[in-house]
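Structural overview
Residues per chain, in single letters:
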Amino acid sequence: MNMRVTGLVVLVVLAVLLPYGVGEYWVGIATEAAIFAIVALGLNVLMGLGGLVSVGHAGLFATSAYATSLAQQHLDLGFATSGLFAIGVTIAVTALVAALAVRTTGMYFLMITLAVGMLVWGLSHRWSSLTGGENGSVSGVRPAGVTRYYQYYWLVLGVLVAVAVVLWYFQRSRAGMRIRGTRDSAARMTSMGYSPAAQRFVAFLASGTVTAVAGVLYAGYYPVVSPSTAHLSMSILFMLMVIAGGSSVYLGPAVGAIVLTVLRAAVSAETQRWATIMGLILVAVVLFAPDGISGTLRGRLRRRTAVPPQPAREPVAQGAR
Amino acid sequence: MSTFTVAGLAAGYQGHPVVDGIDLTVEPGEAVALAGRNGMGKTTTLRAVMGLAEPAVSAGSVRFGDVELHGKAPHHIARAGIGYVPQGRRIFRSLTVAEHLAVVARPARAGYEPWTMDRVNELFPRLAERAGQFAGTLSGGEQQMLAIARALMTNPLLVLLDEPSEGLAPQIVRQVGDIIAALHASGVGVLIAEQDLSMVRRVADRVYFLDRGTVAAQVTAAELDAHADLLERHLGVGAGHA
């Protein structure tokens, strides 16, 4: 086992032991951080691997959370079956959005994802006979034997680890390589016989599926799924997690999710000005750590240990060349 | 492989025609050069054949056997059996050498010896040594070889090469020429846009000279020396230097 894997195993063991060290409030925050870490890893399949920025992922996340809650209430399904139902629904929605969005890149891609996020938010707000409107939809169903807060935390942590492992292999698979190749140059990929739109579709679908898994866990975590889950600010928060953590380091987005969630909890206890603080963090990251927290730390470590650096990655958002 | 035919091809950028009425053929397994100075339409011809977004093709037909390729998306044209090695190498920066080859690999066509990772590594020992390296860290010559190797992994029947000698040292140009000659010898058709006479001599069976977007002359490789005027006019090579 190499150093990196050993370090990760130690981190996971520490994370498992967390409920023995801190109280229910912080275990709750850690649960939320782990759920957001799953979203951030999923979003990074689009942003880091695919070079496509989505500002509508909260829409997909909320679709999954609402579908879980509604399936439990109206179809009388349990945690697992409602979860599978919600993942299916979200994959279908993702496929629809992806089919529209993947023929574009850059600003147009961004606008389509934005529209989808707003659409889900609007529906959750206005279709109150189904969604409960501003009051939200009752959720919080957990599987038998995993009802206590720390048990649910372990479940979420387990899913996070599983998602991280699966996505690690995905980005190294031929499908993952083709997505990277399309990000580097759509024109080169197409002249090798691969449709760039098809590669982007696969990236979007993988990203949406992972986001759906997180949405199911979120519905089990919170007693109510409300329209704020689908709000643009939530999409921006997910995007910030990826940027702050560093999209070029595999687990960077997860680091960003954990840091921002914990920071938000700590700051919110003191002041109402979380949004201002988040804005300042973004400015600081862009100015002083453009590769994100993980990317910058890795750069420092590399310089110190004098291992030759990997070639610089191209920026996240770019059009076809 | 079937005969590859371009007929009456006209293409240009933003309404400005660059090539107009190009006619050419590549017989099965033949190596054909498109020779000419900069700006005469060599790259535009290859890009138009490949169906890339730019240039816009205004007229003409591109046929591979009975199949009309004009108007199809580039990935459909590539799947019809046309490999493309763009000008300036154009590798994928964030993929390693091995990933480059794995990612584009396609099954071979019936009756042709398949290009596999092993066979490509045999032809390009330099790339085999650098399998785990990111393509962006390779030298210019190695990147050119990788671009050719990548095209071969799609198991093409015809390879289009756009100025493979560009920006390379003479010694590397010779190596690249040997490789193109080797893949031609293996039965793959070659259409190469080139202004380096040594490369043209090394690989081509037949040469089309392009001048201001049209085919000005056509000779076989054996006839090249008898046409010092063509070499002078289209490649800027004086009779004394040819």
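Since we're looking at a predicted model, the values are computed, not measured.

About the criteria used
Residues numbered from 1 in each chain as written. Chains lettered and ligands numbered in written order. Predicted model: local features only at pLDDT ≥ 70, side-chain atom pairs only at ≥ 80, totals over all residues. Helix = DSSP H or I, 4+ residues; strand = E, 2+ residues; numbered from the N terminus. Rg over C-alpha atoms; globule rule 2.2 N^0.38 Å. Buried ≥ 20, exposed ≤ 12 C-beta atoms within 10 Å, placed from the backbone. Pairing = 2+ DSSP bridges. Axes fitted to C-alpha atoms, helices over the stretch in contact; angles between N-to-C directions. Contact = placed C-beta atoms within 7 Å. Nonpolar A, V, L, I, M, F, W, Y, C, P; charged D, E, K, R; others polar. Right-handed = clockwise from strand over helix to strand, strands pointing away.

Moving on, we come to the overall build of chain B. Across its full length, chain B holds 9 helices and 10 strands. Expected size for 242 residues packed as a compact globule is a radius of gyration near 18 Å; at 17 Å, chain B falls within 12% of this value. Overall size of chain B, expressed as C-alpha extent along the three principal axes, is 45 × 45 × 35 Å. Across the 242 residues of chain B, 47% fall into the buried class.

This part covers the sheet that holds strand β10 (residues 214-220) of chain B. Residue and element names in this part refer to chain B. A sheet is described by the order of its strands in space; here 6 strands give the open sequence β6-β7-β8-β3-β9-β10, paired in mixed fashion. In this open sheet, the two edge strands, each paired with only one partner strand, are β6 (82-85) and β10. Each strand axis lies, on average, 15° off the axis of its neighbour in the sheet, ignoring direction. Direction of pairing for strand β3 (residues 31-35) relative to strand β9 (residues 206-211): parallel, over a ladder of 4 bridges. What sits directly across from Val 32, in β9, is Arg 206. The strands that helix α7 (residues 170-185) touches are β3, β7 (158-162) and β8 (189-194); relative to β8, the one it contacts most, it runs at about 155°.

Residue and element names in this part refer to chain B. Residue position: Leu 224 is located in the loop between β10 and α9 (228-235). What makes Leu 224 buried here is the crowd of 20 C-beta atoms within 10 Å. A sequence separation of 122 residues divides Leu 224 from Ala 102, and the C-alpha atoms of the two residues are 39 Å apart. In this view, Leu 224 contacts Arg 201, Val 207 and Val 219; residues no more than four positions away in its chain are not counted.

This part takes up the sheet that holds strand β5 (residues 67-68) of chain B. Hydrogen bonds between backbone groups are what pair the strands of a sheet, and the pairing can be parallel or antiparallel. Residues and elements named next belong to chain B. Read across the open sheet, the 4 strands follow the order β2-β1-β4-β5; overall the sheet is antiparallel. Looking at which strands have only one partner, the edges of the open sheet turn out to be β2 (16-26) and β5. Two strands pair when backbone bridges link them, and strand β1 (residues 4-13) and β2 are joined in this way by 8 bridges, in the antiparallel orientation. Its bridge partner lying in β2, Val 6 is registered against Leu 24.

Our next topic: the interface of chain A and chain B. Note on interface size: it is often stated as the accessible area lost on association of the parts. On the chain B side, the residues contacting the 19 residues of chain A number 24 residues. Going through the elements one at a time, α8 (174-184) and α9 (186-191) of chain A are the ones with two or more residues in the side of chain A that touches chain B. If you tally residues by element for the side of chain A that touches chain B, the top one is α8(A), at 6 residues. Among the residues making up the side of chain A that touches chain B, the classes are represented as 5 nonpolar, 7 polar and 7 charged.

All names here are of chain B. Extensive coverage of β7 is indicated by the burial of 5 of its 5 residues. Side-chain alternation along β7 places Leu 158, Leu 160 and Asp 162 on one buried face and Val 159 and Leu 161 on a second face that is also buried. Where β6 and β7 come together, 4 bridges link them in parallel fashion. Within β7, the position partnered with Gly 83 by the bridge is Val 159. Sheet analysis places β7 next to β8, joined by 5 bridges and oriented parallel. The partner of Leu 158 across the bridge, within β8, is Gly 189. Chirality of the crossover, the property in question, places the unit of β7, α7 and β8 among those that are right-handed.

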